[in-house]
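Notes for the structure review
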Amino acid sequence: MMQKITLFIKKSLPFLITLFLWRLSVYFWNPGGILALIPIFYWTFVRPVNWFVLFGLIFCFLIDYRCDLPLFWTCLFCLFYAVNGFQSYIDIQNTDNNGLNAFMVFSGIGILLLIFSGLTWNNFINNIWLFVWLNILYLPITSTDKWIKS
C-alpha cells in the first residue's frame, strides 16, 4: 500500500506543483502564477515527464490569460520546445544545477521582451525583480524532484 502511495506521489508531483504554483498567485511574489514556469520548464526540458508538454502548454496559456499577455509565454514555450527538438549541441538534461542556465536563458528572453514592450521605470524594475525571483526559486523548487525520488 505504501509503495502505491509513493508511486502516485512520484507520478503526480510535477502536475501538483505546477497547479499549486499557478493557483498561488500574489501580486508581488507570484504575479499571474508565473512561478509555475519553473516546474513547466523543468519537467518539460530537464526531466521530461509523459504528457507534461501538453500540460505545460495549457498552463503557459493560463499564465498568459492571468497576466493579460496574449499568448506570450505560450509562444515562447513552443519556440523553446521546437529549438530544443532541433538542436544537438546542448544537452539540457545533463546540465549542472538542474538546467538553471537554460532556464535563465528562457526566462531572460521572456523578461527582456516584456521590458522592451513598455519602457517605463516601473516596468523595468518589476521585470528585473521577476527575473531574479524566478531564478532564485528555481533550485529549491526543482530539488523537490530529487528529494521525492530518494
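Note that the coordinates shown come from a computational prediction; the quantities given were computed from them, not determined experimentally.

**As for the overall build of the chain**
When helices and strands are tallied, the chain shows six helices and zero strands. Along the chain, helices and strands appear, N-terminal first, in the series α-α-α-α-α-α. Relative to its length of 150 residues, the chain is compact, with a C-alpha radius of gyration of 15 Å against a globular reference of 15 Å. Overall, the C-alpha framework of the chain stretches about 55 × 35 × 25 Å when taken along its three principal axes. Expressed as a percentage of the 150 residues in the chain, the buried residues total 40%. Within the chain, contacts between residues at least 6 apart in sequence are counted, and of these 70% link residues at least 24 apart. As displayed, the chain offers around 9200 Å² of accessible surface, 72% of which is attributable to carbon and sulfur atoms. Here the chain holds 8 positive side-chain charges and 5 negative ones, and the gap between their average locations is 14 Å.

**Comments concerning unusual backbone geometry**
Located in the positive-phi region is aspartate 68, a residue other than glycine, with phi close to 55°. Assignment of secondary structure puts aspartate 68 in the loop between α3 (52-67) and α4 (72-86). According to the relative accessible area criterion, aspartate 68 is exposed, its value standing at 66%. One non-glycine residue, asparagine 97, adopts positive backbone phi at about 55°. Note on placement: asparagine 97 falls in the loop between α4 and α5 (100-117).

**Examining the packing of aromatic side chains**
A complete count under the given rule lists 24 aromatic pairs for this structure. Here phenylalanine 103 and phenylalanine 106 contribute two aromatic rings whose centre-to-centre distance is 6.3 Å and whose plane-to-plane angle is 40°, an arrangement assigned as tilted. Taken as a pair, phenylalanine 103 and phenylalanine 106 lie in helix α5 at a separation of three residues, close to a single helical turn. A residue is classified by how much of its surface remains accessible, and phenylalanine 103, at 0% relative accessible area, is buried. On the basis of relative accessibility, which here comes to 2%, the residue phenylalanine 106 falls in the buried class. The lysine or arginine in question, arginine 66, covers the ring of tryptophan 22, its NZ or CZ lying 4.0 Å from the ring centre.

**Quick notes on the environment of cysteine 60**
If you trace the backbone, cysteine 60 turns up in helix α3. With near-sequence residues (within four places) excluded, cysteine 60 lies in contact with Leu37, Ile40, Trp73, Thr74 and Phe77.

**Observations regarding α3**
Owing to its 3.6 residues per turn, the α-helix aligns residues three or four sequence positions apart on the same side. Given a rise of 1.5 Å per residue, 16 residues ought to cover 22 Å, and the 22 Å separating the end C-alpha atoms of α3 matches this to within 8%. Those residues of α3 hidden inside the fold are in contact with α1 (2-23), α2 (37-46) and α4. Taken from the residues just after α3, aspartate 68 is the one with a positive phi, measuring 55°.

**Side note on the nonpolar core**
Core analysis: the largest hydrophobic core is formed by 40 residues, its most contacted members being Ile38, Phe41, Ile63, Trp73, Phe106 and Tyr138. Only α1, α2, α3, α4, α5 and α6 (121-149) provide two or more residues apiece to this core. Looking at this core, the element that brings in the most residues is α2, giving eight residues. In contact with tyrosine 138, other than residues within four places in its own chain, are Ile38, Phe41, Tyr42, Val46, Asn97, Asn98, Gly99, Leu100 and Phe103.

Cut-offs applied
Residues numbered from 1 in each chain as written. Predicted model: local features only at pLDDT ≥ 70, side-chain atom pairs only at ≥ 80, totals over all residues. Heavy atoms only, no water. Helix = DSSP H or I, 4+ residues; strand = E, 2+ residues; numbered from the N terminus. Rg over C-alpha atoms; globule rule 2.2 N^0.38 Å. Buried < 20%, exposed > 50% of the residue type's maximum accessible area, 1.4 Å probe, protein only. Contact = heavy atoms within 4.5 Å. Areas by Shrake-Rupley, 256 points an atom, 1.4 Å probe, with all protein chains shown as cover. Lys, Arg positive; Asp, Glu negative; His and termini not counted. Charge placed at Lys NZ, Arg CZ, Asp CG, Glu CD. Phe/Tyr/Trp six-rings, centres within 6.5 Å; stacked < 30°, edge-to-face > 60°. Lys NZ or Arg CZ within 6 Å of the ring centre and 35° of its normal. Expected span 1.5 Å × (residues − 1). Core = buried A, V, L, I, M, F, W, Y, C linked by side-chain atoms within 4.5 Å.

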